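The primary structure of each chain is shown beneath.
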Amino acid sequence: MENIFHGLGIALITPMRGKGEVDYDALERLVEYQIENGADFLCILATTGEAPCLTPEEKDKITETIKKVNKGRIPILKYCGGNNTKAVVDEIKSTNWTGIDGILSICPYYNKPSQEGLYQHFREIAKASPLPVVMYNVPGRTGVNMKAATTVRIAKDFPNVVAIKEASGSLEQIDEIIKNKPDNFEVISGDDALTFSMIASGAVGVISVIGNALPKEFSKMIRLELNNEFEAALKIHHKFTELYKLLFVDGNPSGVKALLNDMGMIENVLRLPLVPTTIETRQKMDEIIKKIRE
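K.L.:
Tell me about the pairing of strand β1 (residues 7-11), residues and numbers included.
P.N.:
The element β1 is extensively covered by neighbouring structure, given that 5 of its 5 residues are classed as buried. As judged from the 4 bridges shared by β1 and strand β10 (residues 205-208), these two strands associate in the parallel manner. Across the sheet, the residue bridging to L8 is V206, located in β10. One ladder, built from 3 bridges, connects β1 with strand β4 (residues 41-44); its direction is parallel. When the bridges of β4 are listed, A11 appears paired with C43.

K.L.:
Pulling in residues and values, what's your account of the packing of helix α1 (residues 24-36) against helix α2 (residues 56-70)?
P.N.:
Look at α1 against α2: their axes get within 9 Å of each other, and the N-to-C directions meet at 40°. By the angle between their directions, the pair α1 and α2 is classed as oblique. Where α1 crosses over α2, the handedness of that crossing is right-handed. Where α1 approaches α2, its residues Y24, L27, E28, V31, E32 and I35 are matched on the opposing element by E58, K61, I62, T65, I66, K68, V69 and N70. Grouping the amino acids of the contact of α1 with α2 by side-chain chemistry returns 7 nonpolar, 2 polar and 5 charged.

K.L.:
Explain unusual backbone geometry residue by residue, including any values.
P.N.:
For the bond from N252 to P253, the omega torsion is 15°, close enough to zero to count as cis. By secondary structure assignment, the location of P253 is in the loop between α10 (230-248) and α11 (254-262). Of note, the amide linkage connecting L272 to P273 takes the cis form, showing an omega dihedral of 15°. Positive phi values are uncommon outside glycine, yet Y110 reaches one of about 75°.

K.L.:
Explain the state of the cysteines residue by residue, including any values.
P.N.:
On inspection of all chains with the given rule, the structure shows 0 disulfides. Take C53: it sits in no disulfide, and the sulfur closest to it among the cysteines is that of C43, at 17 Å. For C53, a relative accessible area of 26% corresponds to the partly exposed category. Of all cysteine sulfurs in the structure, the one in C43 sits closest to C80, which takes part in no disulfide; the separation is 12 Å.

K.L.:
Quick rundown of the nonpolar core? Include the residues and the values.
P.N.:
Counting 85 residues, the largest nonpolar core has I66, F218, F240 and L243 as the members making the most contacts within it. Contact partners of F240, with chain neighbours within four places excluded, come to I210, L214, E217, F218 and I292. In terms of nonpolar packing, the next biggest core, distinct from the first, is built from 18 residues, F5, F41, Y79 and A167 among them.

K.L.:
Would you mind going over the side chain of N3 in detail, with residue names and values included?
P.N.:
By the element assignment, N3 lies in the segment before β1. A distance of 2.8 Å separates a polar atom in the side chain of N3 from a polar atom in the side chain of E186. Those residues in contact with N3 that sit more than four places away from it in its chain are V162, A163, E186, I188 and V204.

K.L.:
Can you break down the packing of aromatic side chains residue by residue, with the values?
P.N.:
On inspection of all chains with the given rule, the structure shows 5 aromatic pairs. A ring pair is formed by F218 and F240, whose centres lie 5.4 Å apart and whose planes are at 85°; its orientation type is edge-to-face. Note that F218 is positioned in helix α9 (residues 215-226) and F240 in helix α10, a separation of 22 residues in sequence. In this structure F218 comes out as buried when scored by relative accessible area, which is 0%. Taking the relative accessible area as the measure of exposure, F240 reaches 0% and is therefore buried. Chaining the aromatic ring pairs together yields one cluster made of F218, F240 and Y244. We note K61 situated over the ring of Y24; from NZ or CZ to the ring centre the distance is 4.3 Å. Here R153 stacks its cationic end above the ring of Y119, 3.5 Å away from the centre of that ring.

The rules we used
Residues numbered from 1 in each chain as written. Predicted model: local features only at pLDDT ≥ 70, side-chain atom pairs only at ≥ 80, totals over all residues. Heavy atoms only, no water. Buried < 20%, exposed > 50% of the residue type's maximum accessible area, 1.4 Å probe, protein only. Helix = DSSP H or I, 4+ residues; strand = E, 2+ residues; numbered from the N terminus. Pairing = 2+ DSSP bridges. Axes fitted to C-alpha atoms, helices over the stretch in contact; angles between N-to-C directions. Parallel < 35°, antiparallel > 145°, perpendicular 65-115°, else oblique. Left-handed = near helix turned anticlockwise from the far one by under 90°. Contact = heavy atoms within 4.5 Å. Nonpolar A, V, L, I, M, F, W, Y, C, P; charged D, E, K, R; others polar. Disulfide = S-S within 2.5 Å. Core = buried A, V, L, I, M, F, W, Y, C linked by side-chain atoms within 4.5 Å. Polar contact = N/O pair within 3.5 Å; in protein donor to acceptor, adjacent residues only side chain to side chain. Phe/Tyr/Trp six-rings, centres within 6.5 Å; stacked < 30°, edge-to-face > 60°. Lys NZ or Arg CZ within 6 Å of the ring centre and 35° of its normal.

Printed below as a string of structure tokens:
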């Protein structure tokens, strides 16, 4: 298997309305907006999509809605992960993966496994998966960092594990993975703010939060950089510097939902324990957006 998740991937939000009902009409518009404005693939039902607060029935309907709009135009990477290995494997085996191109699976959170435990966890997922697997390392959320040696070990032992979404924040660790990985394995940025630096080091794209609202602008930066036009890409990156921080200061996806609300695309509704971003943060983001679009 090979990694087809290159360029701008969108960590798709879940639009909501009223008291938190999923807004499927807004979801259809949002998916079309991404495809028309430069998204190369969609990453669905992960953290930015508020998946921990969605029911299984909602996840199924969201998946079918996205597939209906996409019509196979760009790849779809769907999240399936957790901290109970058997439960994740059972979910993989019982899920209908028709119309889905890959599985994103996170390092187990809360129970803090050892490096050997991480290896064995992804070993079972690789054995069970009918699709390419993209691992997700995000120690800020999980409480455990999968080290470069473990990532490379998994990549060498299981050819259907084709990439890692790296959000460790350590460029040294990311560089070690890229230096030692097998040819069929690739690195995807899991951090908007580090995307420019990661692609310069050899990453092949990003799974982006900011891309929900600004796919055209962010994809332009990525395409320029992948084409070795670093100076032009760096100018765009610098325009986003302050926005990167503001998007996450009140939690994710609070910041990007506020941006999409200002654009008239969704209602500014989240499910508890997440709440909308502050008025102060919204005002600061609005000022930056105006400069980016000048």
